[in-house]
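Here are the chains, one letter per residue:
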Amino acid sequence: MRWRVVIGFVVLAMMLLELAHAAAQSEARIMLKDFEGVKPLAGAKVVVIDAANPADRREYHASDDGVVVIPGIRAAARYVLEVYWEGSRFAAGSALVLRREMWGGELLAAEEVRAHVFKASIMPVTASGGELALLANPVKGKVFERFAGIYLDGVELVRGEPPQFTPMSAEAEMVPQGAHRLEVWWAGYKVYDGEIYVGLDHLRGYIPGIDDPDHYREELKKLKIRVTTNTTEFRLLVTYMGEGVRTAVRIMDEGERFIISYLTRPYPVWIAPVPIVPLKLRIVYHYTWEELAEGSCMPDPEKVCEVVIPPEKGPFYTIRVRVTSREGAPLMGARVELDGWGERTNDEGVATFYLVRPGRHSLKASFGEVVAERAIEVRGPEEVAIALDLKPVRVDMQFVTWDHKPCEVYWVLEGSGGLRFDSGGRPSSRMVIESLPAGKYTLRLRLPETGLEYVMVVANYLDLAKDKFPVPIGDVRMRFLLDGVEPIANAAVKLTTDGVSFNSTTDGLGEALFERLPLYRTYDVELSWGGGYSYAGKLNLGFDLERTVNIPSDEVRKPVAVTVTKTERETAWTTIAQVVVEYRISTETVTTTERSAITTTKTVTTTETAEVVAKRVTVPIIPIMAAAIAAAIIASAAIAARRWAR
């Protein structure tokens with residue numbers, strides 16, 4: 001009878017343990033997405049393997065919205081999670097896109113798992129490292145199956161419709177990790193054909209709420225893939241009698257599959273990317289469009305391709321035309337035409353014409369509405385002077401900011417021959433000059449609140465006779481983003497240029513307003529936020545009144561650790577309980593793990609900005625309680641047995 005009681009207690013304890021074991025198993029419900037968390041992996045195969053018993057291998061399939069339900073997960077067990085997915089566009093066959101060993105508790109806590117399925121950016125570049133742009137035009141009447149485009153695993157990502165002047169970069173979405181076939185076609189040539197690898201060094205994926213978001217952002221940077229194509233830029237120089245000249249050139253391959261037209265300069269000029277194939281160059285007389293010379297070139301960025309116009313094609317001469325006012329002031333920006341071919345005067349008031357044949361030519365110069373025409377007889381190289389009868393103008397102009405607000409400045413206007421006007425040593429919002437002669441002027445502006453200066457060349461003096469003159473300052477709204485994605489909220493921002501600083505604070509969207517900020521300057525940028533995070537860098541500010549500033553996370557300085565000590569007491573149910581306490585330092589998590597006795601005193605060293613963000617017992621409480629109850633029952637049974645034995 002006594003042994004029956006003991007056996008009954010033991011059976012009861014085993015039943016309680018079995019119930020506790022069953023209760024400790026739960027159902028994991030996770031959504032599978034691509035690595036950026038944008039699109040679900042519909043139909044993905046999920047394999048769950050018990051790490052302690054590899055023979056325990058179960059398979060499931062995700063629904064159309066990427067959700068998979070995995071029953072029977074024990075929080076204290078270790079599992080290997082594998083995800084296989086077959087993309088409908090890229091690669092062939094099912095690819096392993098995630099393999100990760102993790103605790104059952106982590107699997108139960110994960111609502112979303114991001115596998116190695118990517119949005120990959122493909123950027124073809126030239127052999128010299130420049131962006132490959134769509135610049136070439138096909139010969140009229142010739143059709144190419146693939147003129148310009150990017151193809152990944154045979155799928156067309158982008159196709160050029162010439163003429164275009166944009167880079168040939170493209171993005172491919174839902175690309176599974178692995179090797180992929182890439183082809184780049186340009187100007188009717190296959191300029192890249194090979195395998196590229198899309199993916200990361202490991203297959204752990206990313207689980208929001210469990211993994212480090214900073215590391216995830218670092219991984220995303222690896223998905224921008226540059227491929228070097230069989231194209232390059234090169235330099236071209238056309239000479240006549242040993243001197244560089246300006247004329248037209250047509251560049252084509254030997255089969256005339258493409259033609260590019262350029263105007264050369266009297267010095268080596270860079271020609272936009274072309275396929276690295278033998279090229280033909282035809283030099284054209286831009287006045288009559290007759291062909292002057294023909295050359296050949298294998299494009300090479302390290303060499304200058306020179307084409308010589310034979311002397312017998314001439315003679316040709318160089319003609320310089322100097323345009324001035326009646327007072328002799330040089331006129332910068334005046335338009336000069338020789339037989340209808342136009343050039344602009346430089347800052348000395350000179351326009352230069354190359355390859356001018358001897359004989360009679362028509363010459364025309366204009367500045368504003370004033371025009372002068374004459375005929376010239378060319379017998380050799382010479383300089384021709386033309387004076388335009390330009391009348392003085394009255395200047396009554398208001399200074400305004402770039403966003404059209406009244407603005408006071410110290411101003412000085414200087415012209416040729418010692419001509420000078422100023423604001424009288426005090427800031428003024430207006431410039432009033434009763435009679436301003438024609439000419440080129442230098443305008444100096446000094447901002448009274450900061451002392452910063454701007455020096456501007458006014459080529460057309462008529463611009464000073466307008467109602468308003470925009471001063472390069474304005475209210476600028478900047479948005480600061482971490483890695484171009486996450487707004488940097490509540491950050492103190494300091495911009496400094498030439499020793500003058502401007503301060504503001506970002507709002508919840510990462511935006512900061514700087515009032516009356518000088519434009520077209522280089523600034524030192526300093527940000528500080530989040531209890532010790534900071535950034536220092538450079539910012540080249542143009543004339544934009546709205547600007548997004550990207551802060552790379554790898555250039556952010558993290559808080560300096562100040563050591564403090566925290567002491568806590570934890571009570572666990574059994575000596576096998578494992579207590580995990582997490583302390584968060586902004587975006588970093590420091591985890592300490594200890595095996596506790598019934599009462600444990602532990603010391604954690606971290607930073608003064610640390611706060612407890614999670615505390616958990618990794619051995620589930622139900623089986624612990626069941627085990628404790630079972631132990632108590634067994635102990636009671638043993639005591640009862642001894643009593644019965646007496």
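On a predicted model such as this, the values are computed, not experimentally measured, just so you know.

Regarding the confidence of the model for the protein
The predicted model of the protein has a mean per-residue pLDDT of 83, with 80% of residues at 70 or higher. Long-range and interchain partners of residues 19-24, a stretch whose pLDDT sits below 50, account for 9 contacts in this model, where long-range means more than four residues apart. Under a pLDDT of 50 for its full length, residues 562-624 has, in the predicted model, 126 contacts with residues more than four places off or in other chains.

Notes on unusual backbone geometry
Of note, the bond from glycine 314 into proline 315 is cis; its omega dihedral lies within 30 degrees of zero at 10°. Residue position: proline 315 is located in the loop between β23 (304-309) and β24 (317-325). In this structure, alanine 187 takes a positive phi of about 55° despite not being glycine. Here alanine 187 is to be found in the loop between β13 (178-186) and β14 (189-198). Here alanine 187 falls in the buried class, since its relative accessible area comes to 1%. Of note, asparagine 490 is a non-glycine position whose phi angle comes to about 55°, a positive value. Structurally, the position occupied by asparagine 490 is in the loop between β39 (486-487) and β40 (492-497).

Topic: the side chain of aspartate 50
Within the secondary structure layout, aspartate 50 lies in strand β2 (residues 45-50). Accessibility expressed as a relative area gives 6% for aspartate 50, which makes it buried. A polar contact is formed between the side chain of aspartate 50 and the side chain of arginine 74, at a distance of 3.2 Å. Beyond its immediate sequence surroundings of up to four residues, aspartate 50 is in contact with Asp56, Arg74, Arg78 and Tyr79.

Some words on helix α3 (residues 213-220)
Within α3 the residues assigned to the buried category are Asp214, Tyr216, Arg217 and Glu219. Those residues of α3 that are buried lie in contact with β7 (112-114), β38 (473-482) and β39. With a side-chain oxygen lying 3.1 Å from the backbone nitrogen of aspartate 214, the N-terminal cap of α3 falls on aspartate 212.

So, the sheet that holds strand β32 (residues 410-414)
If you trace the 4 strands from one edge of the open sheet to the other, you get β33-β32-β35-β36, paired in antiparallel fashion. Each edge of the open sheet carries a strand with a single partner, namely β33 (420-422) and β36 (453-458). Here the strands of the sheet are splayed against their neighbours by 15° on average, with no regard to which way each runs. In terms of strand pairing, β32 meets strand β35 (residues 441-446) through 5 bridges, oriented antiparallel. Its bridge partner lying in β35, valine 412 is registered against arginine 444.

What counts as what
- Residues numbered from 1 in each chain as written.
- Predicted model: local features only at pLDDT ≥ 70, side-chain atom pairs only at ≥ 80, totals over all residues.
- Heavy atoms only, no water.
- pLDDT = per-residue confidence, 0-100.
- Contact = heavy atoms within 4.5 Å.
- Helix = DSSP H or I, 4+ residues; strand = E, 2+ residues; numbered from the N terminus.
- Buried < 20%, exposed > 50% of the residue type's maximum accessible area, 1.4 Å probe, protein only.
- Polar contact = N/O pair within 3.5 Å; in protein donor to acceptor, adjacent residues only side chain to side chain.
- Pairing = 2+ DSSP bridges.
- Axes fitted to C-alpha atoms, helices over the stretch in contact; angles between N-to-C directions.

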